[in-house]
Amino acid sequence: MAIQPMSAEPGSIIARGEAAGHLYRMMQVSECDANQLRNVGEDMRRLVTPLIVIALGGMLVGFIYRYLADDPTEATIGNYARSGIHGMGTALSGWVVHLYFTSRGSEWIRRWPLWFEITVRSTTMAIVVATVVVALQVALYGRGLEATWLAAKFSRIFVIAFVMSMMIGAMFELTQLVGSRVLLNVVLGRYRRPKREERVLMFLDLAGSTSLAESMGELRMHDLLTRFFFDIDKAILAHGGEVHAYVGDEVIVTWPLLEWASAARCIDCFFAIQDRIAERASIYWREFGLVPQFRAGLHAGPVVISECGDSRRQIAYFGDTMNVTARIQEYCKETGRPLLISADLLKHVPAGSNVSVETLGLTKLRGRAAAVGIFAVERQTQGTLDPEGNAGVGDTW
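Draft legend 1. Here's a closer look at the layout of surface pockets. The computed volume of the second largest pocket comes to approximately 1300 Å³. Lining the second largest pocket are 36 residues, and of these Y65, H86, G87, T90 and V133 lie nearest its centre. Breaking the lining of the second largest pocket down by element, the ones donating at least two residues are α1 (10-69), α2 (77-101), α3 (114-141) and α4 (147-178). Ranked by residue count, the leading element in the lining of the second largest pocket is α4, at eleven residues. Its residues assigned to classes, the lining of the second largest pocket comprises 16 nonpolar, 13 polar and seven charged.

Structural data, given as structure tokens:
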């Protein structure tokens, strides 16, 4: 029996196309699952790492306290272990209170003046820490509480915990105000003299903010911006970004270009922000009657960084890279694209396989003589197949 060659019937072509399409979609789903797992892993790392550090730090303080404050005749392994557990439990209880007051559940207190917020936070932390100290005293040493011990010790423990909580709270608010990296750089004097660094920059702003402010009013618009910036902060931090400044309805985010692993996540950061806002769409509809739309421009290049000002110091970025990024972000409105990136960025940070990159050619940006290569980036949610089952149709780069 002779074997007949397979003819290229239309049905077979369509079948191959459907099979290839199914395989392509499975690959996309797998990649999305991998991204979700990576984000979950990043969230766990950000939660577990400080937990371990604080627990070990509390244990070390417990050892030191046992060594300095107690009778040398009581310096047994058992007593040192109890002191270590005591210190660990105290530190972790304070950390739990801190986590609550920095979570969305404590948003109510942020509407009050800062002095009131710090006072409430410090009082709560002092009560919790003092209670944990007393409870651990009973659990670890097996002795009941005496009225004389409570009168002599509890008040002192509460006062110490309250004062330390006030100091930690004030330091935390200072860090939140200027940024932990900025504060560290100011203390170390890293940018006391101008310094040139390679950076990735993202300028992201709210679309239609002028008309929104006119229709909603300035106070409601401010509430919307505050909520929006709060919601996207987690996605920025999870992707290694650092908020440089909030300027009106715009946020400027930066990554060190030399740290390739961190810089490569700048494109994913934009889509993570999209996902975050989509997750909270119902809340925005309920509170503001809309879901905020936004657009962003990404660029990479040299930036001059230095301290400026005297009565109020800040870390300022200067250079052509800042100007080009701002113009790319403005160009998003002309093209109707939510995300535009420069050719300079793609040279250093190639886009992932889960996005499509379309060239818009060399573009003359406002206020700049030299043309810039611009690319539009979109996330691939479902592949487009040609009759042969090949994924991806269009002018992509």
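Draft legend 2. Spatial organisation of the environment of L339. On the secondary structure map, L339 appears in strand β6 (residues 339-342). For the pair L339 and I267, spaced 72 residues apart in sequence, the C-alpha to C-alpha distance is 8.9 Å. Leaving out residues up to four positions away in the same chain, L339 has contacts with I267, F270, F271, A296, L298, F375, A376 and V377.

Draft legend 3. How the structure looks around the pattern of salt bridges. This model, assessed by the stated rule, comprises 13 salt bridges. Between D275 and R379 there is a salt bridge whose closest N-O contact spans 2.8 Å. Here the residue D275 occupies a position in helix α9 (residues 266-279), and R379 occupies one in strand β8 (residues 372-379), the gap between them amounting to 104 residues. With a shortest N-O distance of 3.0 Å, R366 and E330 are connected by a salt bridge. Of this pair, R366 sits in the loop between β7 (355-363) and β8 while E330 is found in helix α11 (residues 320-335), placing the two residues 36 residues apart along the sequence. Using a relative accessible area of 32% as the deciding quantity, one classes E330 as partly exposed. Residues joined by salt bridges that share partners form a network here, namely R327, E330 and R366.

Draft legend 4. View of α3. Under the 1.5 Å per step criterion, the end-to-end length of α3 is 40 Å for 28 residues, consistent within 8% with the ideal 40 Å. Positioned one or two residues after α3, G142 has a phi angle of 65°, which is positive.

Draft legend 5. Fine view of the packing of helix α7 (residues 218-238) against helix α10 (residues 281-288). Closest axis-to-axis distance for the α7/α10 pair is 12 Å, and the angle between their directions is 165°. Classed by the angle they form, the pair α7 and α10 counts as roughly antiparallel. Note on packing geometry: the crossing formed by α7 with α10 is right-handed. Residues R220, D223, L224, R227, F228 and D231 of α7 lie in contact with α10, whose contacting residues are I283, Y284, E287 and F288.

Draft legend 6. Structural detail: helix α6 (residues 209-216). By the burial criterion, the buried members of α6 are S209, L212 and M216. What you see down the axis of α6 is that its buried residues fit within an arc of 60°, all on one side. Seen from the buried face of α6, the exposed residues on the opposite side, beyond 90 degrees, are T210, E214 and S215. The inward-facing, buried residues of α6 abut β1 (195-206), α7 and α10. Once α6 ends, the next one or two residues include G217, with phi positive near 95°.

Draft legend 7. Looking closely at the side chain of S306. You can see S306 is positioned in strand β4 (residues 294-308). Among all residues touching S306, those that are not within four sequence positions of it are Y191, R193, P194, Q314, I315, A316 and F318.

Draft legend 8. The packing of aromatic side chains, seen in detail. Applying the stated criterion across every chain, the model contains ten aromatic pairs. Both rings, one in F270 and one in F294, keep their centres 5.5 Å apart while their planes meet at 70°; by these two values the pair is edge-to-face. Pair noted here: F270 is in helix α9 and F294 is in strand β4, with a separation of 24 residues, a long-range link. When sorted by exposure, F270 lands in the same class as F294, which is buried. By way of ring pairs, the aromatic residues F228, F229, Y246, F270, F271 and F294 are connected into one cluster.

Draft legend 9. Broad picture of the state of the cysteines. Enumeration over the complete set of coordinates arrives at zero disulfides. Cysteine C266 remains unbridged, with the sulfur of C269 as its closest cysteine sulfur at 8.1 Å. Assessed through its relative accessible area of 0%, C266 is described here as buried.

Draft legend 10. The arrangement of the nonpolar core in detail. Within the largest apolar cluster, 43 residues are counted, with the highest numbers of intra-cluster contacts made by M202, I273 and L298. Filtering out sequence-adjacent residues up to four positions away, I273 remains in contact with M202, L204, I232, A235, I236 and F294. Judged by nonpolar contacts, the second largest core, of eleven residues, contains L201, V303, Y317 and A326.

Rules used throughout
- Residues numbered from 1 in each chain as written.
- Predicted model: local features only at pLDDT ≥ 70, side-chain atom pairs only at ≥ 80, totals over all residues.
- Heavy atoms only, no water.
- 1 Å grid on protein atoms, 1.4 Å probe; cavity = no way out; pocket = protein on both sides within 12 Å on 5 of 7 lines; lining within 4 Å.
- Points joined across faces, edges and corners; volume = space filled by probe spheres on them.
- Helix = DSSP H or I, 4+ residues; strand = E, 2+ residues; numbered from the N terminus.
- Nonpolar A, V, L, I, M, F, W, Y, C, P; charged D, E, K, R; others polar.
- Contact = heavy atoms within 4.5 Å.
- Salt bridge = Lys/Arg side-chain N within 4 Å of Asp/Glu carboxyl O.
- Buried < 20%, exposed > 50% of the residue type's maximum accessible area, 1.4 Å probe, protein only.
- Expected span 1.5 Å × (residues − 1).
- Axes fitted to C-alpha atoms, helices over the stretch in contact; angles between N-to-C directions.
- Parallel < 35°, antiparallel > 145°, perpendicular 65-115°, else oblique.
- Left-handed = near helix turned anticlockwise from the far one by under 90°.
- Arc of directions from axis to C-beta.
- Phe/Tyr/Trp six-rings, centres within 6.5 Å; stacked < 30°, edge-to-face > 60°.
- Disulfide = S-S within 2.5 Å.
- Core = buried A, V, L, I, M, F, W, Y, C linked by side-chain atoms within 4.5 Å.

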